[in-house]
Amino acid sequence: MASVVESITGEFKRYKALAEAALAQLNDDQLAAPPPGGGNSIATICWHIAGNLRSRFTDFLTADGEKPWRNREEEFAARPVTMRELLTHWEAGWKELHDTLAHLSDADLTRSVTIRGQAHRVDEALLRALAHISYHVGQVVYAAKALRGAAWKYLSIPPGQSVAFNTAPSGQRPDEQIARLRAT
């Protein structure tokens, strides 16, 4: 049975793979395009996710999660980027998260960390971060689907295939879903 930290790590990895599978369907121009109806571009959302992860998980147990060097407002600036530039920035944020998670154990979950001057237990901070990331990954997937239109390749159960899937469900664990997403 997986530990709590291992389970949370698996969910972070699942959402990272989901976003990357959506990104893989886009070209550079689509990264910076506002989604239909307006709002932040996929590049902006991914830039923010990376900045948030770097800030929150650099020196996670010893320093406030909102670092003085972070410029959150700049994360939301419109920017043309190539996929390579975006993924380089993206990976830097995820590296901080995964390096931190690799050194945590369930015994650390009741320790205290600070975010914007407020104390949180480690488990609360991890769940808060997971919810934040999943919210933004949902935005990325939704915007990518809208930008791709009929060319979109579904990342979950395609419409009309729920019954067939439910008769033989597979790939529900994070590592299984990640493998399936990477194969698409």
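Scroll up to find the structure this text is about.
Figured I'd write up the structure that's included with this text.

How each quantity is defined
Residues numbered from 1 in each chain as written. Predicted model: local features only at pLDDT ≥ 70, side-chain atom pairs only at ≥ 80, totals over all residues. Heavy atoms only, no water. Salt bridge = Lys/Arg side-chain N within 4 Å of Asp/Glu carboxyl O. Helix = DSSP H or I, 4+ residues; strand = E, 2+ residues; numbered from the N terminus. Buried < 20%, exposed > 50% of the residue type's maximum accessible area, 1.4 Å probe, protein only. Axes fitted to C-alpha atoms, helices over the stretch in contact; angles between N-to-C directions. Parallel < 35°, antiparallel > 145°, perpendicular 65-115°, else oblique. Left-handed = near helix turned anticlockwise from the far one by under 90°. Contact = heavy atoms within 4.5 Å. Nonpolar A, V, L, I, M, F, W, Y, C, P; charged D, E, K, R; others polar. Polar contact = N/O pair within 3.5 Å; in protein donor to acceptor, adjacent residues only side chain to side chain. 1 Å grid on protein atoms, 1.4 Å probe; cavity = no way out; pocket = protein on both sides within 12 Å on 5 of 7 lines; lining within 4 Å. Points joined across faces, edges and corners; volume = space filled by probe spheres on them. Phe/Tyr/Trp six-rings, centres within 6.5 Å; stacked < 30°, edge-to-face > 60°.

Some details on the pattern of salt bridges
Enumeration over the complete set of coordinates arrives at 12 salt bridges. Among the salt bridges present, the one from Arg-14 reaches Glu-11, with a minimum N-O distance of 2.9 Å. Pair noted here: Arg-14 and Glu-11 are both in helix H1 (residues 4-23), with a separation of 3 residues, about one helical turn. Residue Arg-14 is classed as buried on the basis of its relative accessible area, which comes to 15%. Looking at Glu-11, the relative accessible area reads 23%, which means it is partly exposed. Put simply, Arg-116 and Glu-66 hold a salt bridge, and the shortest N to O gap is 3.5 Å. Here Glu-66 lies in the loop between helix H3 (42-57) and helix H4 (72-75) and Arg-116 lies in the loop between strand S1 (112-115) and strand S2 (118-121), a separation of 50 residues in the sequence. The partly exposed category is assigned to Glu-66, whose relative accessible area is 21%. When salt bridges that share partners are traced, they join Arg-56, Glu-66, Arg-70, Glu-75 and Arg-116 into one network.

Examining the packing of H3 against helix H6 (residues 122-148)
It is the contact of H3 with H6, at a shortest axis distance of 9 Å, that shows an interaxial angle of 165 degrees. Taken together, the axes of H3 and H6 are roughly antiparallel relative to one another. Considering only the axes of H3 and H6, their crossing is left-handed. Counting all contacts with H3, which are made through Ile-42, Ile-45, Cys-46, His-48, Ile-49, Asn-52, Leu-53 and Phe-57, the residues of H6 involved are Leu-126, Ala-129, His-132, Ile-133, His-136, Val-137, Gln-139, Val-140, Ala-143, Ala-144 and Leu-147. Its residues assigned to classes, the contact of H3 with H6 shows 14 nonpolar, 5 polar and no charged.

Here we look at the environment of Tyr-142
Structurally, the position occupied by Tyr-142 is in helix H6. Residues Tyr-142 and Ile-42, 100 residues apart in the sequence, show an inter-C-alpha distance of 9.7 Å.

Observations regarding the environment of His-48
Relative to the elements of secondary structure, His-48 occurs in helix H3. In the structure, His-48 is positioned 55 residues away from His-103 in sequence and 24 Å away in space, judged by C-alpha atoms. Ignoring any residue separated from it by four or fewer positions in sequence, one finds His-48 in contact with Arg-70, Arg-72, Glu-75, Phe-76, His-132 and His-136. At 3.4 Å, the side chain of His-48 and the side chain of His-136 are in polar contact.

As for the layout of surface pockets
Its volume calculated, the largest pocket comes out at about 200 Å³. For the largest pocket, the full set of lining residues is Arg-14, Leu-155, Ser-156, Ile-157, Pro-158, Gln-161, Phe-165, Ser-170, Gly-171, Gln-172, Gln-177 and Arg-180. Taken together, the residues of the lining of the largest pocket sort by class into 4 nonpolar, 6 polar and 2 charged.

Focus on the packing of aromatic side chains
Under the defined criterion, the tally for this structure stands at 3 aromatic pairs. Look at Phe-12 and Trp-94: their rings are 6.4 Å apart centre to centre, the planes differ by 75 degrees, and that puts the pair in the edge-to-face class. Of this pair, Phe-12 sits in helix H1 while Trp-94 sits in helix H5 (residues 83-102), and the two are 82 residues apart along the sequence. Judged by relative accessible area, which is 0%, Phe-12 ranks as buried. Each ring, one from Trp-90 and one from Trp-94, has its centre 5.5 Å from the other, and the planes form 55 degrees; the classification is tilted. Remark: Trp-94 and Trp-90 occur in helix H5; sequence separation between them is 4 residues, near one turn of the helix. Trp-94 carries the same exposure label as Trp-90, and that label is buried. By the ring-pair criterion, three or more aromatic residues cluster together here, those being Phe-12, Trp-90 and Trp-94.

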